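The lines below spell out each chain.
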Amino acid sequence: MFNINFPEVRSRRIRKNFSVRRIVSEVSLEPRNLIMPLFVKEGVNKPEPIASMPGQYRYPVKGVNKVIAELVESGVSSTVLFGIPKHKDPLGSEAYNEGGVVQRAIREIKKDFSDIIVFTDVCMCQYTDHGHCGIISSRGGRILPDNDATLEYLGKIAVSHAEAGADFVAPSGMIDGMVKSIRSALDKEGFTDVGIMSYSAKYASGFYGPFRDAAYSAPRFGDRRTHQMDPRNSREAVKEILLDINEGADIVMVKPALAYLDVIKTVKEISLLPLAAYSVSGEYSIIKAAAEKGWIDERKIVFEVLTSIKRAGADLILTYYALDVASWIKEGYCPF
Ligand code: PBG
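Here's a quick rundown of the structure. (Residues numbered from 1 in each chain as written. Predicted model: local features only at pLDDT ≥ 70, side-chain atom pairs only at ≥ 80, totals over all residues. Heavy atoms only, no water.)

### A few points about the overall build of the protein chain
So, step 1. From N to C terminus, the protein chain includes 12 helices and 12 strands.
So, step 2. Relative to the compact-globule value of 20 Å for 336 residues, the protein chain shows a C-alpha radius of gyration of 20 Å, a close match.
So, step 3. If one aligns the C-alpha atoms of the protein chain with their principal axes, the spans along those axes are about 70 × 45 × 40 Å.
So, step 4. Residue burial in the protein chain is summarised as follows: out of 336 residues, 53% are buried.
So, step 5. Within the protein chain, contacts between residues separated by at least 24 positions form 74% of all contacts whose residues are at least 6 apart in sequence.
So, step 6. Here the protein chain displays about 16,000 Å² of accessible surface, and carbon together with sulfur accounts for 52% of that area.
So, step 7. Taken together, the 43 basic and 42 acidic charged side chains of the protein chain have centroids lying 6 Å from each other. (Helix = DSSP H or I, 4+ residues; strand = E, 2+ residues; numbered from the N terminus. Rg over C-alpha atoms; globule rule 2.2 N^0.38 Å. Buried < 20%, exposed > 50% of the residue type's maximum accessible area, 1.4 Å probe, protein only. Contact = heavy atoms within 4.5 Å. Areas by Shrake-Rupley, 256 points an atom, 1.4 Å probe, with all protein chains shown as cover. Lys, Arg positive; Asp, Glu negative; His and termini not counted. Charge placed at Lys NZ, Arg CZ, Asp CG, Glu CD.)

What follows is the structure, given as structure tokens:
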């Protein structure tokens, strides 16, 4: 099958002709597969630049539709929303407030752009005063997120997003059983058509640093290693993916992307569901920083990185570069 011993075959016939390269390329970057993460912040009246993520902003609810219009114009048809509330408390109550910042943003977007697919991040870390992804309890002297107490809240958050008009909810906390509880909470309220994209294989990663700065969501004490995955494991990712599929996930995700291409490839082989990969904040910021110094060609590197994620097997890519990439494609840019 892999015998390439044919003396008459000349690879250059294909390689030297760029139009031919294009028609036989095994994967391609397309705006339709990109999901643009957006931050919406309570209490600001104009987009606020995020220092750790040059080119990204925290948008006011009134104002988010300007960037949605740009996305639609460039061919990107989906976004994932992250809320930054004013008020934080131990139960993260703003996360399920029907008048909360994300719920208002969903309504604002759907009012003008009914076709855009709205995914919402379902987690508590931006909403709790301690910065953990769930309800905290102190059992046996250790202060830890209480998995089972958190599940009920995740269901409430998901339902409040569905009521506001979200198409998909995306639980990101790696809380055991989150997909099952969210699925049953949604179904109970009649939201059987609202889907779940689960952050199934989410690693305890240093690449989330700029995001935590952007969303003020770093834990005040401890870290997320009690529930996020060990970067040394890939079989564990398979286990997590299979659990989420069993619990009713519609789309599964591997996160981060670039340092986990092998995991994306493995998951693609064992799952029949659409697979998303999240090219996270750190992946964005390291490219931005090097590009700002003039050390790399930003567009070329972004295309190469995102293409590698596609080649590994991702169907969808969540990337802060979604809007830029789509507009570069529109201009006819292709570095290959
Ligand atoms: C949790 C969440 C995080 C990210 C997405 N959802 C942060 C975390 O787990 O600490 C990180 C995304 C990124 O780095 O771009 N709500």
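### Things to note about the packing of aromatic side chains
So, step 1. In this structure the tally under the stated criterion is 16 aromatic pairs.
So, step 2. Connected via pairs of aromatic rings, a cluster forms that spans Phe39, Phe82, Tyr199, Phe211, Tyr278, Tyr284, Phe303, Tyr320, Tyr321, Trp328, Tyr333 and Phe336.
So, step 3. The ring of Tyr208 has Lys255 lying over it, and the distance from NZ or CZ to the ring centre is 4.6 Å.
So, step 4. Across from the ring centre of Tyr333, 4.1 Å away, lies the NZ or CZ of Arg299, which sits over that ring. (Phe/Tyr/Trp six-rings, centres within 6.5 Å; stacked < 30°, edge-to-face > 60°. Lys NZ or Arg CZ within 6 Å of the ring centre and 35° of its normal.)

### Brief notes about a nonpolar patch on the surface
So, step 1. On the surface, a cluster of nonpolar side chains totalling about 290 Å² of accessible area is made up of Ile14, Ile23 and Val24.
So, step 2. Looking at the secondary structure, you find Ile23 in helix 2 (residues 18-24). (Patch = residues over 30% accessible without salt bridge, like charges linked within 9 Å, V, L, I, M, F, W, Y side chains within 5 Å. Salt bridge = Lys/Arg side-chain N within 4 Å of Asp/Glu carboxyl O.)

### So, helix 10 (residues 281-292)
So, step 1. Taking 1.5 Å as the rise per residue, helix 10 with 12 residues should run 16 Å; its terminal C-alpha atoms sit 16 Å apart, in good agreement.
So, step 2. In terms of residue burial, helix 10 counts as a mostly covered element, since 9 of its 12 residues are buried.
So, step 3. Among the residues making up helix 10, those that are buried are Ser281, Gly282, Glu283, Tyr284, Ser285, Ile287, Lys288, Ala290 and Ala291.
So, step 4. On its buried face, helix 10 is in contact with helix 7 (209-214), strand 11 (275-279), helix 11 (298-312) and helix 12 (322-330).
So, step 5. Directly beyond the C-terminal end of helix 10, a positive phi value near 80 degrees is found at Gly294. (Expected span 1.5 Å × (residues − 1).)

### Observations concerning unusual backbone geometry
So, step 1. The amide bond that connects Lys255 to the next residue, Pro256, takes the cis arrangement and shows omega of -10 degrees.
So, step 2. Relative to the helices and strands, Pro256 resides in the loop between strand 10 (251-255) and helix 9 (261-270).

### Describing the side chain of Glu283
So, step 1. Structurally, Glu283 is set in helix 10.
So, step 2. Lys255 is the oppositely charged side chain nearest to the buried, salt-bridge-free Glu283, at an N-O distance of 9.1 Å.
So, step 3. Each residue touching Glu283, except ones within four places of it in the same chain, is listed here: Phe207, Pro256, Ala257, Leu258, Tyr278 and Ile309.

### Some details on the environment of Ala215
So, step 1. As for its position among the elements, Ala215 is in the loop between helix 7 and helix 8 (235-247).
So, step 2. In this structure, the C-alpha to C-alpha distance between Ala215 and Lys41, residues 174 residues apart in sequence, is 8.8 Å.
So, step 3. The contacts of Ala215, once residues within four sequence positions are left out, are Phe39, Ile84, Lys88 and Gln126.

### A closer look at the environment of Lys202
So, step 1. Inspection of the secondary structure puts Lys202 in strand 9 (residues 195-202).
So, step 2. Of the residues examined, Lys202 reaches a relative accessible area of 7% and is grouped as buried.
So, step 3. Separated by 51 residues in the primary sequence, Lys202 and Met253 place their C-alpha atoms 7.8 Å from one another.
So, step 4. Once residues lying within four places of it in the same chain are set aside, the contact partners of Lys202 are Ser172, Met174, Tyr208, Gln228, Met229 and Lys255.
So, step 5. A distance of 2.9 Å separates a polar atom in the side chain of Lys202 from the backbone oxygen of Ser172. (Polar contact = N/O pair within 3.5 Å; in protein donor to acceptor, adjacent residues only side chain to side chain.)

### Considerations on the side chain of Ser52
So, step 1. Mapped onto the secondary structure, Ser52 falls in the loop between strand 2 (48-49) and strand 3 (57-59).
So, step 2. From its side chain, Ser52 meets the backbone oxygen of Pro210 in a polar contact 3.1 Å long.
So, step 3. With sequence-adjacent residues up to four places away left out, Ser52 is seen in contact with Pro210, Asp213, Ala214 and Ser285.

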